[in-house]
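# Survey of secondary and tertiary structure
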Amino acid sequence: MRLPNLGFRGWTALVVFTILAVLLVARPRWVQRLGLDPGEYSAMRPAGGDFALAGAGGPWRLSEHTTEGSLVLLYFGFTRCPDLCPMTLGTIANALGELPEASRRRVQVVFVSVDHRYDTPASASAYASDFGPQFTGLTGDSLALARVTQQFNAAFAFVPLPESAMEYTVDHTGLVYLLDRRGLVRDMVPTDQIVTDLRKRMEKLL
Amino acid sequence: MRPILRAALAALLLATAAVAAPPRASTVRASGGRVALVPPSAPNTAAFFVLHNPGPKPLALVKASSPAARATEVHDMVVKDGKSQMRPLARLEIPARDSVALAPGGRHVMLIGLEKPLPKGARVPLTLTFSDRSTLALELEVRPAH
């Protein structure tokens, strides 16, 4: 059998591409540790973008509420959530309180309820605004919510709880997204890290 | 009265006394208790505390009740595949001479369907029942949970 005539550059390219392909497919642990894992990276940093849902005042589009230098914190949850959602929004409110006034004014917090069976734009809005003047609460129908959560690689699922008075719960992505004025994702902080990390990661972008 | 009737009556009295007997105070102790402050529009909230079982036998929290809510349940919160998932717990084991923490982002007693909004500083009665049928009555203050 004769080897194909690829030339020196051809062979080098083949070897390099083969190594890259192996790393991509096998994803050895050290690649993941370095944070260079392409699979993890794309899953971890969705593009995001502008989005439209409904708030207390009717249709609400992100880009109509931001200006140059805006920083938007986006969080998906639901108002019947007793633990994680109030804790997350409360921690965000505390972190905002620690920012200098000029920076704080550039930050907006958007709470999106993914529980479209229970929440309405009015209930999501009333819930969010209780955490501070910068908080906006939104929701939408299942189609609108599916579209927005997809943009952010976020997920939610209705799970029946037959043995609970809650009847059902909504599993949802536990991330706070940091967005620019166009909704592009600049950073993401897992809810279990917001107490320690959120303020400094906001400051980096302000 | 016939002896058999007398015995039946005595048994009935005994049973009534047993049922009516005040619940036994538990040996389990609670510390660091509070109810999470949530917006007035929120229909539910959660209670957190640390339970300590000083006894030589393992116990379990099997029931919680409070007049502040329509239903009171023990729930667990776990993160799976990046998603936060809340599930009811039928019982929460407390090993002998050990403690179990109910804390934000994890296990909690969920107050479902609040009778009225619970402002900061309000006090919420909560009764816990354990696997040995003993009970522990708490009064927890409403404050930011974290």
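It should be noted that the structure appears before, not after, this text.
This write-up is about the structure you can find in this document. (Residues numbered from 1 in each chain as written. Chains lettered and ligands numbered in written order. Predicted model: local features only at pLDDT ≥ 70, side-chain atom pairs only at ≥ 80, totals over all residues. Heavy atoms only, no water.)

Our next topic: the overall build of chain A. If you tally the helices and strands in chain A, you get eight helices and nine strands. In chain A, which comprises 206 residues, the share counted as buried stands at 46%. Long-range contacts, defined as pairs at least 24 residues apart, comprise 66% of the intrachain contacts of chain A with a sequence gap of at least 6. For chain A, the accessible surface area stands at approximately 10800 Å², while carbon and sulfur atoms represent 57% of it. (Helix = DSSP H or I, 4+ residues; strand = E, 2+ residues; numbered from the N terminus. Buried < 20%, exposed > 50% of the residue type's maximum accessible area, 1.4 Å probe, protein only. Contact = heavy atoms within 4.5 Å. Areas by Shrake-Rupley, 256 points an atom, 1.4 Å probe, with all protein chains shown as cover.)

Let us look at the overall build of chain B. On a plain count of helices and strands, chain B comes out with one helix and 10 strands. Along chain B, helices and strands appear, N-terminal first, in the series α-β-β-β-β-β-β-β-β-β-β. With respect to the three principal axes, the spread of C-alpha positions in chain B is 70 × 35 × 30 Å. Scored against the burial criterion, the 146 residues of chain B give a buried share of 42%. Once local pairs closer than 6 in sequence are excluded, the contacts in chain B between residues at least 24 apart make up 67%. Summed over all atoms, the accessible surface of chain B reaches about 7900 Å², with 61% contributed by carbon and sulfur. Within chain B, one finds 19 positive and 9 negative side-chain charges whose respective centroids are separated by 7 Å. (Lys, Arg positive; Asp, Glu negative; His and termini not counted. Charge placed at Lys NZ, Arg CZ, Asp CG, Glu CD.)

Glancing now at the sheet that holds strand 8 (residues 175-179) of chain A. Residues and elements named next belong to chain A. One open sheet holds the five strands; their spatial order is 5-4-3-8-9, and the pairing between them is mixed. Both outer strands of the open sheet, strand 5 (135-138) and strand 9 (185-190), are each paired with one neighbouring strand and no more. Geometrically, the sheet is characterised by an average inter-axis angle of 20 degrees between neighbouring strands, direction not taken into account. (Pairing = 2+ DSSP bridges. Axes fitted to C-alpha atoms, helices over the stretch in contact; angles between N-to-C directions.)

Time to look at the nonpolar core. Phe51(A), Leu73(A), Tyr177(A), Leu198(A) and Met202(A) are the most contacted members of the largest nonpolar core, which has 58 residues in total. The element best represented in this core is helix 4 (residues 84-97) of chain A, accounting for seven residues. Apart from residues no more than four positions distant in its own chain, Phe51(A) is found in contact with Trp60(A), Arg61(A), Leu62(A), Leu74(A), Val110(A), Leu138(A), Val148(A), Gln151(A), Phe152(A) and Leu179(A). Grouped together as the second largest cluster of nonpolar side chains are 28 residues, Val74(B), Val100(B), Val109(B) and Val142(B) included. (Core = buried A, V, L, I, M, F, W, Y, C linked by side-chain atoms within 4.5 Å.)

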